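# Summary of structural features
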Amino acid sequence: MTLGRRRFLSLVGGASLAWPKAVDAIQRELASGGAQDDEAFWSLVRRQFSIPPDRIYLNNGTLGPSPRVVVDAVTEHTRLVASTYPPGVSWDDLKASVAALVGGEPEGFVFPRNTTEAVSFVANGLDIGPGDDVVSTDHEHIGGLEPWKSVTARRGASLTIASLPVPAADAGSLADTVWSTVSPSTRVLAVSHMTFTTGTVLPIAELARRCASAGVILCVDGAHPPGMLSVDLARLGGDFYASSPHKWMLAPQGTGLLYLSERWREALWPTLASGGWDDRSLGAHRLNHMGTIDESRPAGLLAASEFLQAIGAERIEARTRYLRGLLENGLRSIPGVDVTSPEAEGLKGAMVSFSLNGVESAELQRHLSRVASIRTRVIGEYAYGWMRLSTHIYNTPAEIEYALDLVDEVSRNGLSG
Ligand SMILES: Cc1ncc(COP(=O)(O)O)c(C=O)c1O
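Residues numbered from 1 in each chain as written. Predicted model: local features only at pLDDT ≥ 70, side-chain atom pairs only at ≥ 80, totals over all residues. Heavy atoms only, no water.

## Remarks on the sheet that holds strand β6 (residues 217-221)
Where we set the bar: Between any two strands, at least two bridges found by DSSP are needed for them to pair. Think of it this way: any DSSP run of H or I at least four residues long counts as a helix, any run of E at least two long counts as a strand, and we number them from the N terminus. The contact criterion used throughout is that any non-hydrogen atoms of two residues lie within 4.5 Å. Note on definitions: angles span 0 to 180 degrees between N-to-C directions of axes, and those axes are lines fitted to C-alpha atoms, for helices only across the stretch in contact.
Across the sheet, which stays open at both edges, the seven strands sit in the order β2-β8-β7-β6-β5-β3-β4 with mixed pairing between neighbours. Strands with a single pairing partner mark the edges of an open sheet, and in this sheet they are β2 (109-110) and β4 (158-162). Where strand β3 (residues 133-137) meets strand β5 (residues 186-192), three bridges bridge the pair, whose relative direction is parallel. Paired with Asp133 across the two strands is Thr186, which belongs to β5. Most of the contacts of helix α7 (residues 142-155) go to β4, to which it runs at about 150°, and overall it touches β3, β4, β5 and β6.

Now the structure itself:
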């Protein structure tokens, strides 16, 4: 049992909490095996979820289904509070567990409700003013971009949008493309770690180095990689990293992450100010004082973090990449499919986007949902019109084969059938 879980148990009176024991049982069961194609292992993982067998969920990029241990943690916490017990969650345990999963120093973490809120905390917490420019891209989600639009509009600053290539060829040219829009008036570079449009991984470590030497603040919208790729926030660099653990970390809806590099922990202005906001000795924790919150969410986030660690970040990345590989290779072999995600392995994770010649993605989406209860996402933003499919640890090769067969059939016969 990890230190975090033991402390959590003692904090809330242990005996009434089932989920830490369930995580330990999962860890014991998953102690061996786990190669990317070890189907016996991954079917044990699948059994931890409540996803009906006839439902094919390929939209983790929007929202991750929580495994049962996470739902139990939320429910147990809610029940204890309703019984007038004040269980609470230890911030220290939560920070330690999340840092063990995604890297970074525990004291750098703040827990807002989602990426949108986290990026808003950054945009509103900096002293941006007239003459300052914020650089972003034409592949940002509204949650990562609109906070910057609103702050630059309100404060008389400007916003410059870099146009990213589709598909992207390599990390060096991507870094150069983004950097070509940076000027002496650039105060902030606000970009995704992985774009929601094509699942392209941006070269964040390289951009962080360039930002540091040019005195530009780097704010990364990391809604996707944590829980999908093995991430090390300390090595990645940059000033701020925002994420939504209710996506790939499989945490309950409404659990966000914001990581602040050391220099901002005492310096970022709070957007929500409560007691202690001006006590610099609290560091980033000043920003965790947000009034009364639903503490079942951090309880669920802790359970999700422990669950993922019971499986292991490297195993998870290998499996999600393996499944994406089956999906991507299959799509590339279907006549009329144009894959908009990059080919270079280093630029991609577990999301693939594509279009099918002559078929509207929204029509294809409806078809897949109607005939096989397959959940997908259409990237309607910026009028791109691509279909996006995500693969996570609960998906199976058989599900992917089935989805591919259906796309192949539509490519040959259209949607009339
Ligand atoms: C890249 C990216 N950033 C931000 C968001 C917004 O996330 P949230 O709604 O959790 O704030 C999303 C949601 O899909 C996203 O894909």
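## Description of the domain arrangement of the chain
For the record, the criterion: Boundaries of every domain are those given by an automatic assignment or by a domain database. Joining two parts hides part of their accessible area as seen by a 1.4 Å probe, and the buried area is that hidden amount summed over both. Should a side-chain nitrogen of Lys or Arg be within 4 Å of a carboxyl oxygen of Asp or Glu, the pair is scored as a salt bridge. Classification convention: Asp, Glu, Lys, Arg as charged; Ala, Val, Leu, Ile, Met, Phe, Trp, Tyr, Cys, Pro as nonpolar; all other residues, Gly among them, as polar.
Domain annotation of the chain identifies domain 1 (91-305) and domain 2 (314-412). Its C-alpha centre places domain 1 at a distance of 27 Å from the equivalent point of domain 2. With 28 residues of domain 1 in contact, the opposing surface of domain 2 contributes 28 residues. Both faces considered, domain 1 and domain 2 share a buried interface measuring about 2100 Å² in area, 62% of it formed by carbon and sulfur atoms. On the domain 1 side of the contact with domain 2, Phe196, Thr198 and Trp248 bury the most area, a combined 26% of that side's loss. Where domain 1 touches domain 2, the interface holds zero salt bridges. Class assignment of the residues belonging to the side of domain 1 that touches domain 2 gives a composition of 14 nonpolar, eleven polar and three charged.

## Brief notes about the side chain of Arg155
For Arg155, the position within the fold is in helix α7. Those residues in contact with Arg155 that lie beyond four places of it in its chain are Ala123, Asn124, Leu126, Asp127, Ile128, Gly129 and Pro130.

## Re the nonpolar core
What tends to happen in soluble globular proteins is that the nonpolar side chains get buried as a cluster. As a reminder of what qualifies: Nonpolar cores are built from buried Ala, Val, Leu, Ile, Met, Phe, Trp, Tyr and Cys residues. Side-chain atoms within 4.5 Å join them into one set. Buried, partly exposed and exposed residues are distinguished by accessible area as a fraction of the type maximum, computed with a 1.4 Å probe on protein chains only: under 20%, between the cut-offs, and over 50%, respectively.
Counting 72 residues, the largest nonpolar core has Phe109, Leu189, Phe307, Ile311 and Ile393 as the members making the most contacts within it. Considering each element in turn, this core owes the most residues, nine residues, to helix α11 (residues 296-311). There are two domains that each give this core at least three residues, and those are domain 1 (91-305) and domain 2 (314-412). In this structure, Phe109 is in contact with Lys95, Val98, Ala99, Val102, Gly103, Leu233, Leu257, Leu258, Tyr259 and Asn288, ignoring residues within four places of it in sequence.

## Considerations on the pattern of salt bridges
The full count for this structure, using the stated rule, is 20 salt bridges. The residue Arg265 makes a salt bridge to Glu105 at a minimum N-O spacing of 2.7 Å. One end of the pair, Arg265, is in the loop between β8 (257-260) and α11; the other, Glu105, is in the loop between α5 (91-102) and β2, with 160 residues separating them in the sequence. Judged by its relative accessible area of 7%, Arg265 is buried. One salt bridge in this structure joins Lys149 and Glu146, with 3.2 Å as the shortest N-O distance. On the criterion of helical spacing, the pair formed by Lys149 and Glu146 is a turn pair, its members being three residues apart in helix α7. For Lys149, a relative accessible area of 38% translates into the label partly exposed.

## A word on the environment of Pro167
Within the element layout of this structure, Pro167 appears in the loop between β4 and α8 (171-179). Sequence spacing of Pro167 and Glu343 is 176 residues, and the spatial spacing of their C-alpha atoms is 7.8 Å. The residues contacting Pro167, other than those within four sequence positions of it, are Thr340, Ser341 and Pro342.

## Here's the deal with the packing of helix α6 (residues 115-125) against α7
What counts here: Roughly parallel refers to an angle under 35 degrees, roughly antiparallel to one over 145, roughly perpendicular to one between 65 and 115, and oblique to any angle outside these ranges. Left-handed describes a crossing in which the near helix is turned anticlockwise from the far one by less than a right angle; the clockwise case is right-handed.
Where α6 meets α7, the axes come as close as 8 Å, and the angle between the chain directions of the two elements is 25°. Classed by the angle they form, the pair α6 and α7 counts as roughly parallel. Considering only the axes of α6 and α7, their crossing is right-handed. For the pair α6 and α7, contact is made by Thr115, Thr116, Val119, Ser120, Val122, Ala123 and Asn124 and by Gly143, Gly144, Pro147, Trp148, Val151, Arg154 and Arg155, respectively. In terms of residue class, the contact of α6 with α7 is built from six nonpolar, six polar and two charged.

## Description of the side chain of Asn395
Defined as follows: The term polar contact refers here to a pair of N or O atoms within 3.5 Å; inside protein, the definition further demands a hydrogen-donor-capable atom paired with an acceptor-capable atom, and it admits residues adjacent in sequence only when both atoms are side-chain atoms.
As for its position among the elements, Asn395 is in the loop between β13 (386-390) and α14 (397-413). Judged by its relative accessible area of 1%, Asn395 is buried. Of the polar contacts made by the side chain of Asn395, one reaches the backbone oxygen of Tyr57; its length is 3.0 Å. Each residue touching Asn395, except ones within four places of it in the same chain, is listed here: Tyr57, Leu58, Arg319, Leu323 and Ser390.

## Some remarks on the site of the ligand
Quick reminder of the rule: The rule for a residue being near a molecule or strand is that one of its heavy atoms must lie within 4 Å of it. Per-residue accessibility takes into account occlusion by the displayed protein chains alone, with areas from the Shrake-Rupley method and a 1.4 Å probe.
Taken together, the neighbourhood of the ligand is formed by Gly61, Asn114, Thr115, Thr116, His141, Phe196, Asp221, Ala223, His224, Ser244, His246 and Lys247. Take Asn114: an N or O atom from its side chain is 3.5 Å from an oxygen atom of the ligand. In the environment of the ligand, a nitrogen atom lies 2.5 Å from a nitrogen or oxygen atom belonging to the side chain of Asp221. When the ligand sits alone it has 400 Å² of accessible area, and the protein chains cover 88% of it.

## Observations concerning the packing of aromatic side chains
To be explicit about the condition: Two aromatic rings, drawn from Phe, Tyr or Trp (for Trp, its six-membered ring), form a pair once their centres lie within 6.5 Å of each other, and the interplanar angle then sorts them: stacked below 30 degrees, edge-to-face above 60, tilted otherwise.
Scanning the model with the defined rule gives eleven aromatic pairs in all. Relative to Tyr384, the ring of Tyr382 lies with its centre 5.3 Å away and its plane at 35°, an arrangement referred to as tilted. An aromatic cluster is built from Phe49, Tyr57, Phe307 and Tyr394, whose rings are joined through pairwise contacts.

## Points about the pairing of β4
Note the cut-off: Here is how to tell: hold the view so the strands point away, follow the path from the first strand over the helix to the second, and if it runs clockwise the crossover is right-handed.
Relative to β4, β3 is paired through five bridges, and the arrangement is parallel. If you follow Val134 over to β4, its bridge partner there is Leu159. Handedness of the β3-α7-β4 crossover: right-handed.

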